[in-house]
Structure formats: C-alpha cells, structure tokens
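Residue strings, one per chain:
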Amino acid sequence: MKEIYFDNAATTKTDKRVLKEMLPYFKGKYGNPNSMHNKGIEARQAIEEARQKVSNILNCSKEEIIFTGSGTESDNLAIFGYARKNRDKGKHIITTKIEHHAVSHCFERLSKEGFDVTFLDVDSEGFVFAEDLKKAIRNDTIFVSIIYANNEIGTIQNIKELAKICKEKGVAFHTDACQAANYCNIDVLDLGVDMMTLNGSKIYGPKGVGILYKKKGVEIEPILYGGGQENGIRSGTENVANIVGFAKALELVYEEKEKEIRKLTELRDYFINELLKIPDTKLNGPRENRLPNNVNVSFANIEGESLLLLLNEEGIFASTGSACSSKDLAPSHVVTAIGNSPEIAHSSMRFSLGKDITKKQIDIALGFIENFVKKLRKMSPLDFSIEELIMKNKKARECGE
Amino acid sequence: MADIKKHGKEWFYSKIVKEHFFHPKNMALSDKDIELIRPNGVGEVGSPACGDVMRMWISVENGKIKRCRWRTFGCTSAIASTSMLSVMITEKGGMKLEEAEKITAKDILDRLGGLPPNKIHCSVLGDQALKAAIKDYRKNEK
Ligand SMILES: Cc1ncc(COP(=O)(O)O)c(C=O)c1O
Ligand code: FES
C-alpha cells in the first residue's frame, strides 16, 4: 500500500531519530522530574537539556522557554495569560482575520470578557499591512498576536517589521510560529518578539507538546494551576518523552532547514504550475513569501470534500477549505478573508508537502487530481468560469435557510 | 499512476454511501444523457455559495417517474443522497408522483444506511430537488 501524504500542515510523521530519543523515557527513564531521588533527577536533567537545546536555536535564555501540552495551549497561554494579567493597562487587543482557531477563538472569548478586539484585514494574498497595524494601535492597546506563516495558504508575514511597530508603541507582541518553524527565521532576538508559539506536531516531532517563548520581564498569568511546574506558569507533570522529542525535532529541522527550503520550494512551484494548467483553477495565497511546503488551489464548480475523498480512495491525503468538511459547516475563514467568494473556498484544496515527498509522487497525484476534477465537474450542475467566481459577491452569505 | 493501490480503508461513511459516491447511478454525464430520457420536469435547489446545488430532471409517463438524471455540486453525502434518491424513484417500474412527493430526507437516509450527524442536511436537498422537479412537471402539464 503506497500512500502519498500531502497533509504535513495538519501534522508531520515523527522522525525516526526523534522517536529513538524519546523511547528511553517510556522505558527505564520513567521518573517524575519533580521527584528528589535519582529517578526524578534523571528525568529533570533530560528536560533541562531539552530546554537548553531549544533556547540555543531560538537564541534566548533557558528561563524563557515554557514547555506546554500543544500549540493550542501555548497560544492560549500567551493570549489569555497576557491579557488577563495586564488588563489594568488597557483593554484593546489586536489580531488578524487569518489566525488559526487556537488564536482567534481566544480573542473571541476575551471579547466576551470585556476586551475590545480588532481583527486586522489582510490583502488578497494574505499579508497584513504594517500601516494597518500602526493605525490600529491605540493608547489602550496592550497586546498583538499575528500568525507567522499561515497554515492554510502559506503566507509568511514580515514578523520583524510587525514586532518592531509594537515595540515602538510599547505593546506586547506574540506570534504563532507553528507552521513557520521548519522554514523561517525563528531567532527571537532578531525577530524582536515578546512571545512565540511552536509545537512538535509540525516539525516531525511528537504531537501534544509545544513551547511558549516568553521574553524575560513579560508578565503573564497561568491558565493551569497545580504543582507549579515551569516556573509556576504551567502546572502539571512534564511530558518528558515529548519534551525530549520536541527538542530533538527542532534541532533536526534547524540543521536541515536550508536543504529542505531549496528542495520543497522547487517541488511546490512545479506542483502549483502544473495544477494551474487545469482549466478554471486559482492559486490561493502568494507566490513569494509563501511556505515552501504549501500549495492551495481552488477548482471552479467542484466541492472540496468530494475531491478529498476521491483522492483518499487512491491513498492520496490532502485537505480542503470547504464548508462541507468543517465542523461548523462554514467555509474556511482564511480562504474567504483574502477576498474569495464562498464558492471559491468550497472548492479549495490544500496540499502540504513534507520532507519525504518526491517529484514522482507529485506527478502521480497530478494525474489523479486532473481526472477527478474532470469527473466532479461533469457531475456538477454549475458552470462558472474561475473569473466569474472571483467576481462574485465577496461577502460570505447566510446559508442553511 | 498504476502503482498506487486502493487501500480500502474505511472512513466514516457507510458502504452504501461509498458505493453511490464512487459509482453514482443515473447521473447526467453529458447533456446528451439528459436529452435521451426526454425530461418533462426539472428542479434545482441549493446555492453555490452554501456549497451545495442539486439539479434533477425527471421523465414522467402515466403518472410514474420512469427515468431521471441529476447533477450535484456538494460533498460525498450530497452526491450519494441524490444518487440513492434517483434509484428510489425509478426502481420497480417507476414511482407514482403522489408517492414520490411524500419521500422525505429520512427515507433517503434509511436507504443509505445513515449519514454522519453533521451531514444529514445534505440529504434534505435531494427530496427538495425532486419536489421542485415534480412541481415543474405539473406546471408543464397544464
Ligand atoms: C498555526 C497553528 N497554530 C496552532 C496549531 C495548533 O497546534 P496543536 O495541534 O499542537 O494544538 C496549529 C496546528 O494545528 C497551527 O497550524
Ligand atoms: S453538501 Fe456540504 S456538507 Fe454536504
């Protein structure tokens, strides 16, 4: 059974070298790092070594790394933690319309807690305008969170520039870098960020582990209370194996970064160019400053979930921004935020590459994609050209009546 | 292309749903397909913005639906539901219009062996498209 895995933005396969580092912590080295005996010390040392490795790569000090249970948890900790701790300084917080739900839903929650939230627009390729951020910052703005590289359309923001604006205005800045870690600069000093989220699941590491980089002096409130681990910021017995795995995975992607960028950029551009040869197909997201592993296109008049499942049957795994595949039956907020009609969002497919992908696999997939798009178009009562769909009412309409 | 084998893993759709999705029955592959059945009623429901549109052509003779063709823009469930509905109304010599009008989403669901809970609405469109086609037929008859 041969499989072609185009869903590396959802999660990556754990690297064998990562797994090997983790295994001892499921076997002999099972101690609780908070215990005072040797079993505990052994586990504590593993965590502190991992912390050292991570801080070396991020160019920060060990004390600035907080291990958490996921990217979602790190985002929640940064956002709730900062906003609730600093609410006496101001009630205005800023984010964008293309955040991962792990960020956007926190902001929605905070708006119910009395915070005033601005969701910044993005342009047709998903970029945040520095000017918009400047204008949005008010006297009572305390916090900004902007996704580094978008998980759906691959847009990479100029985080350095955005962080600088916040710094000048004395506003704390967090970036969700889960998708960026493999391909972008994650030197926190150089970026000038106050907080940054990473997770293991996207870097060929284990799922269910994340980190929050929190610059010294940035004060946040915990979201979990208990034994006071991680300097009182994140209670709960540390997941030693996952933490060790996370550090190893980050080291590996850091070492292999340049090579992967070169290889995947070439494959990505080939894939995009071939897909755009299918009539009435549109690229979502930019050509430049795009994640090297992200391909996202819309095929007019077909619905993404049905294409996803036809491909699934052939062992080809992708994802879609169609409403039909989402829990809330709404089309992707990211694909619509860049000005696409809901029709285009329903027709959008994301193919996210990873380090094991070969050109041969892409060619095989292209053959199936082309056939299935043809098949589904024959089944479809719609007959719009992609230009007509692009022109359509750009606002999401109410569905379900 | 040939070196990818079917892996036959189950997903959350029933066998019957999959069968109708991968091998849809009575689907209009071309305009010729539609002409051939000499349709005397057509109905369309849904909205492309909402992600599902169904169009159904029926050919009624002596008060029974003899043949039917359809096209659907939508998910697996929507496609399988339309396909199943097209079988239900044309099997056994064709269904009487009065009975066809009484088909509910639940009837389609039962024949499909169920759908995932958040996909139930996809089968609702099917019976609505059929009702629209019957209405169109009755209007044409007058
Ligand atoms: C940009 C981004 N942020 C946050 C998350 C959530 O991470 P996790 O699944 O580790 O909670 C993901 C992955 O799903 C992501 O892509
Ligand atoms: S047609 Fe959208 S969920 Fe079925």
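Within every chain, residues take consecutive numbers counted from 1 along the sequence as written. Lettering for chains starts from A, numbering for ligands starts from 1, and both go in the order in which the items are written. With pLDDT at 70 or above as the cut-off, local features in this predicted model cover only qualifying residues; side-chain atom pairs require 80 or more to be listed or tallied, and sums for whole chains, interfaces and linings still use all residues. By convention in this description, side-chain values take in all heavy atoms of the structure and omit both hydrogens and water.

Participant: So what exactly am I meant to see when it comes to the packing of helix α3 (residues 76-90) of chain B against helix α6 (residues 120-141) of chain B here?
Facilitator: In a packed pair of helices, the relevant descriptors are the angle between the two axes and the axis-to-axis distance. Residue and element names in this part refer to chain B. One can describe the packing of α3 onto α6 by two numbers: an axis separation of 8 Å at closest approach and a directional angle of 40 degrees. One way to sum up the angle between α3 and α6 is to call them oblique. Two packed elements cross with a definite hand, and for α3 against α6 that hand is right-handed. Contacts from Ser 77, Ala 78, Ser 81, Leu 85 and Ile 89 in α3 reach Cys 122, Ser 123, Gly 126, Asp 127 and Leu 130 in α6. Residues that form the contact of α3 with α6 fall into these classes: 5 nonpolar, 4 polar and 1 charged. All axes are obtained by fitting lines to C-alpha atoms, using only the stretch in contact for helices, and the reported angles, taken between N-to-C directions, cover 0 to 180 degrees. The secondary structure listing takes helices from DSSP runs of H or I that are at least 4 residues long and strands from runs of E that are at least 2 residues long, numbered from the N terminus. Reported orientations rely on four angle classes, namely roughly parallel under 35 degrees, roughly antiparallel over 145, roughly perpendicular from 65 to 115, and oblique for the rest. The hand of a helix crossing depends on one turn: near helix anticlockwise from the far one by less than a right angle means left-handed, and clockwise means right-handed. Pairs of residues are marked as contacts when any of their non-hydrogen atoms sit within 4.5 Å. Classification used: nonpolar for Ala, Val, Leu, Ile, Met, Phe, Trp, Tyr, Cys and Pro, charged for Asp, Glu, Lys and Arg, polar for all others including Gly.

Participant: What is the right way to read the domain arrangement of chain A from this model?
Facilitator: One frequently used descriptor of interface size is the decrease in accessible area upon assembly of the parts. Residues and elements named next belong to chain A. One can read the domain layout of chain A as domain 1 (4-9 + 257-398) and domain 2 (16-253). In this document the domain limits rely on a domain assignment from an automatic tool or a database. A straight line from the C-alpha centre of domain 1 to that of domain 2 covers 29 Å. Taken together, the contacts link 27 residues of domain 1 with 30 residues of domain 2. As used here, buried area is the combined drop in accessible area, with a 1.4 Å probe, of two parts when they are placed together. The junction of domain 1 with domain 2 conceals about 2200 Å² of combined surface from both sides, 55% of it contributed by carbon and sulfur atoms. In what follows, salt bridge is the name for a side-chain nitrogen of Lys or Arg lying within 4 Å of a carboxyl oxygen of Asp or Glu. The interface formed by domain 1 and domain 2 holds 0 salt bridges in total. The definition of a polar contact used here is a pair of N or O atoms within 3.5 Å, where within protein one atom must be able to donate a hydrogen and the other to accept one, and adjacent residues in sequence count solely through side-chain atom pairs. The tally of links between domain 1 and domain 2 comes to 13 residue pairs in polar contact (both at pLDDT 80 or more). Counting only elements with at least two residues in the side of domain 1 that touches domain 2, the list comes to α9 (257-275), β10 (294-299) and α11 (333-337). Partitioning the side of domain 1 that touches domain 2 into residue classes produces 11 nonpolar, 10 polar and 6 charged.

Participant: So what exactly am I meant to see when it comes to unusual backbone geometry here?
Facilitator: Residue and element names in this part refer to chain A. For Glu 230, which is not a glycine, the phi torsion comes out positive at approximately 50 degrees. For Glu 230, the position within the fold is in the loop between β8 (210-214) and α8 (240-255). Accessible area is worked out with a 1.4 Å probe on protein chains only. A residue is then buried under 20% of its type maximum, exposed over 50%, and partly exposed in between. Residue Glu 230 is classed as buried on the basis of its relative accessible area of 9%. Notably, Asn 231 is not glycine yet its phi reads approximately 60 degrees, a positive angle. With respect to the helices, strands and loops of the structure, Asn 231 is situated in the loop between β8 and α8.

Participant: How should the interface of chain A and chain B be read in this particular structure?
Facilitator: Taken together, the contacts link 41 residues of chain A with 33 residues of chain B. Across the chain A/chain B interface, buried area totals approximately 3200 Å², and carbon plus sulfur atoms make up 66% of it. Summed over the three residues of chain A that lose the most area to chain B, namely A:Glu313, A:Met379 and A:Pro381, the buried surface amounts to 23% of that side. Across the pair B:Lys119 and A:Glu305 runs a salt bridge, and its minimum N-O distance is 2.3 Å. Taken together, chain A and chain B are joined by 12 residue pairs in polar contact (both at pLDDT 80 or more).

Participant: What am I meant to see in the packing of helix α2 (residues 38-58) of chain A against α8(A) here?
Facilitator: All names here are of chain A. Where α2 meets α8, the closest approach of the two axes is 9 Å, and the angle between their N-to-C directions is 25 degrees. Taken as axis vectors, α2 and α8 run roughly parallel relative to one another. Once α2 is placed against α8, the crossing between them reads as left-handed. Contacts between α2 and α8 involve Ala 43, Ala 46, Ile 47, Ala 50, Lys 53, Val 54, Ile 57 and Leu 58 from the former and Val 240, Ile 243, Val 244, Phe 246, Ala 247, Leu 250, Glu 251 and Tyr 254 from the latter.

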